[in-house]
Number of protein chains: 2
Amino acid sequence: MEVAAAAAPAPAPAPANPAQHPPGVLMKDLPGMPGTPSGLALRVTQLLLAAVSLAAMSSTSDFASVSAFCYIVAAAILQCVWSLSVAMVDIYALLVKRCLRNRWLVTFFAIGDMITVTVTFSGACAAAGITVLIDDDLSICSMNHCPSFMSSVAMAFMCSFSLSPSFILNLWAVASSRILA
Amino acid sequence: MEVAAAAAPAPAPAPANPAQHPPGVLMKDLPGMPGTPSGLALRVTQLLLAAVSLAAMSSTSDFASVSAFCYIVAAAILQCVWSLSVAMVDIYALLVKRCLRNRWLVTFFAIGDMITVTVTFSGACAAAGITVLIDDDLSICSMNHCPSFMSSVAMAFMCSFSLSPSFILNLWAVASSRILA
């Protein structure tokens, strides 16, 4: 977290108290935030999980007959586009060694993460409700593609769980910097 | 937000820079946080919405045959218990005029809100998936209690939407105070 400060030549008076930093400067690079290698790893994980969920659901022939399964496909596509976009920004920032500590950029990422985590999680829950209905309540799995439905739902849940650290860290970073600006 | 400071007699040197407050003191009472009248209003709203959702779903005779409907009933019960507990703490804090700015208390509320918002929202999504399946995809609403299912799902969604400000404000308060502690 302090790599940039350590690599730079030591400034004349080291600040003893972090509360005395000039306003608007102190937005710590927590691991998992945009522009960090762990943030990029989170994005790639989300992208892969959403892609696998999309592939598993699309591979069934009859997903279009159930609204919840269409919704999870749309949610997975949205998730792929969002994670890919942020991953590309992360790769750019890592390549040119720029930190993404801009307040508005982090706010934008936090809002985007909130929207995608809501959409992906709701799609996963709705599809899980239908899958449990088919499998446990009606026991008509033999007529349906239950394994594909289940793997798609599981991947969508894992995708939304891997999204929540990104969202919470971005929100945390915005809230932490707010008080000093 | 600055009412308390304005009502108190003016302190000798007004702090020019908020970053120079002593560490650990500055946790602002945002509207909607625990211990404020708007926070109490949010809790009462959540409690009422969860209770209506629970009542609407329980009034149907066959909800127990679908797992997702059982889950939304359990989620609504959990939500009622949580909102009632926090509302009682809020009422106590308002009556004795104590503010609930303790770091660990707000962290506890934020974690509890995160759990209940996840449970209530997932229950609403799962039940919504089943309701849409019954209503639109299979068109067997005449054989089922669609209006009750729909109103229960709508109330559960509104409950989770009214929970998210509480959760985000609590997380915001913890993150804001973190940097100064």
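Residues numbered from 1 in each chain as written. Chains lettered and ligands numbered in written order. Predicted model: local features only at pLDDT ≥ 70, side-chain atom pairs only at ≥ 80, totals over all residues. Heavy atoms only, no water.

Within an unreviewed UniProt entry, the label attached to chain A reads CASP-like protein, and the organism entered is Digitaria exilis. Within the UniProt record for chain A, the comment given under Subunit (unreviewed entry) is "Homodimer and heterodimers." UniProt, in its Subcellular location (unreviewed entry) section for chain A, records the words "Cell membrane". (UniProt positions renumbered as here; feature names shortened; annotations may be inferred.)

### Comments concerning the nonpolar core
Core analysis: the largest hydrophobic core is formed by 38 residues, its most contacted members being M57(A), F69(A), I130(A), M57(B), F69(B) and I130(B). At the level of secondary structure, the elements contributing two or more residues to this core comprise α2 (37-58), α3 (67-95), α4 (103-137) and α5 (146-178) of chain A together with α3 (67-95), α4 (103-137) and α5 (146-178) of chain B. Sequence-distant contacts of I130(B), that is, excluding residues within four places in its chain, are made with G129(A), I130(A), L133(A), V66(B), A68(B) and F69(B). Formed by 20 residues, the second largest nonpolar core is a distinct cluster that contains W172(A), L30(B), L171(B) and A175(B). (Core = buried A, V, L, I, M, F, W, Y, C linked by side-chain atoms within 4.5 Å. Buried < 20%, exposed > 50% of the residue type's maximum accessible area, 1.4 Å probe, protein only. Helix = DSSP H or I, 4+ residues; strand = E, 2+ residues; numbered from the N terminus. Contact = heavy atoms within 4.5 Å.)

### Some remarks on α4(B)
Relative to the 51 Å expected for 35 residues at 1.5 Å per residue, α4(B) spans 49 Å between its end C-alpha atoms, a close match to the ideal helical length. Residue S139(B) follows α4(B) closely and has a positive phi angle near 55 degrees. (Expected span 1.5 Å × (residues − 1).)

### Topic: the UniProt feature "transmembrane region" (unreviewed entry) in chain A
Residues and elements named next belong to chain A. With numbering aligned to this structure, UniProt lists the feature "transmembrane region" (unreviewed entry) at residues 69-95, 107-134 and 155-175. In the segment residues 69-95, helix accounts for 100% and strand for 0%; the C-alpha atoms at its two ends are 38 Å apart. In this annotation, residues 155-175 is assigned 100% helix and 0% strand; the end-to-end C-alpha distance for the span is 31 Å.

### Here we look at the pattern of salt bridges
All names here are of chain A. In this structure the tally under the stated criterion is 2 salt bridges over all chains. Notably, a salt bridge pairs R43 with D113, separated by 2.8 Å at the nearest N-O pair. Of this pair, R43 sits in helix α2 while D113 is found in helix α4, placing the two residues 70 residues apart along the sequence. By relative accessible area, which is 2% here, R43 ends up buried. (Salt bridge = Lys/Arg side-chain N within 4 Å of Asp/Glu carboxyl O.)

### Description of the state of the cysteines
Throughout the structure, instances matching the rule amount to 2 disulfides over all chains. The disulfide partner of C141(A) is C146(A), and the S-S distance across this bridge is 1.9 Å. Measuring the twist about the S-S bond at about -110 degrees, one finds the C141(A)-C146(A) disulfide to be left-handed. Of the residues examined, C146(A) reaches a relative accessible area of 3% and is grouped as buried. Free of any disulfide, C125(A) has its nearest neighbouring cysteine sulfur in C125(B), separated by 5.1 Å. (Disulfide = S-S within 2.5 Å.)

### Notes on the packing of α3(A) against α4(A)
Residues and elements named next belong to chain A. In contact at an axis separation of 9 Å, α3 and α4 are set at 150 degrees when each is read in the N-to-C sense. Compared by their axis directions, α3 and α4 come out roughly antiparallel. The two elements α3 and α4 cross, and the hand of that crossing is left-handed. In the contact of α3 with α4, the residues fall into 16 nonpolar, 7 polar and 1 charged. (Axes fitted to C-alpha atoms, helices over the stretch in contact; angles between N-to-C directions. Parallel < 35°, antiparallel > 145°, perpendicular 65-115°, else oblique. Left-handed = near helix turned anticlockwise from the far one by under 90°. Nonpolar A, V, L, I, M, F, W, Y, C, P; charged D, E, K, R; others polar.)

### Considering the UniProt feature "domain: Casparian strip membrane protein" (unreviewed entry) in chain A
Under the present numbering, the feature "domain: Casparian strip membrane protein" (unreviewed entry) in UniProt falls on residues 34-160 of chain A. Across residues 34-160 of chain A one finds 80% helix and 0% strand; the C-alpha atoms that close the span lie 17 Å apart.

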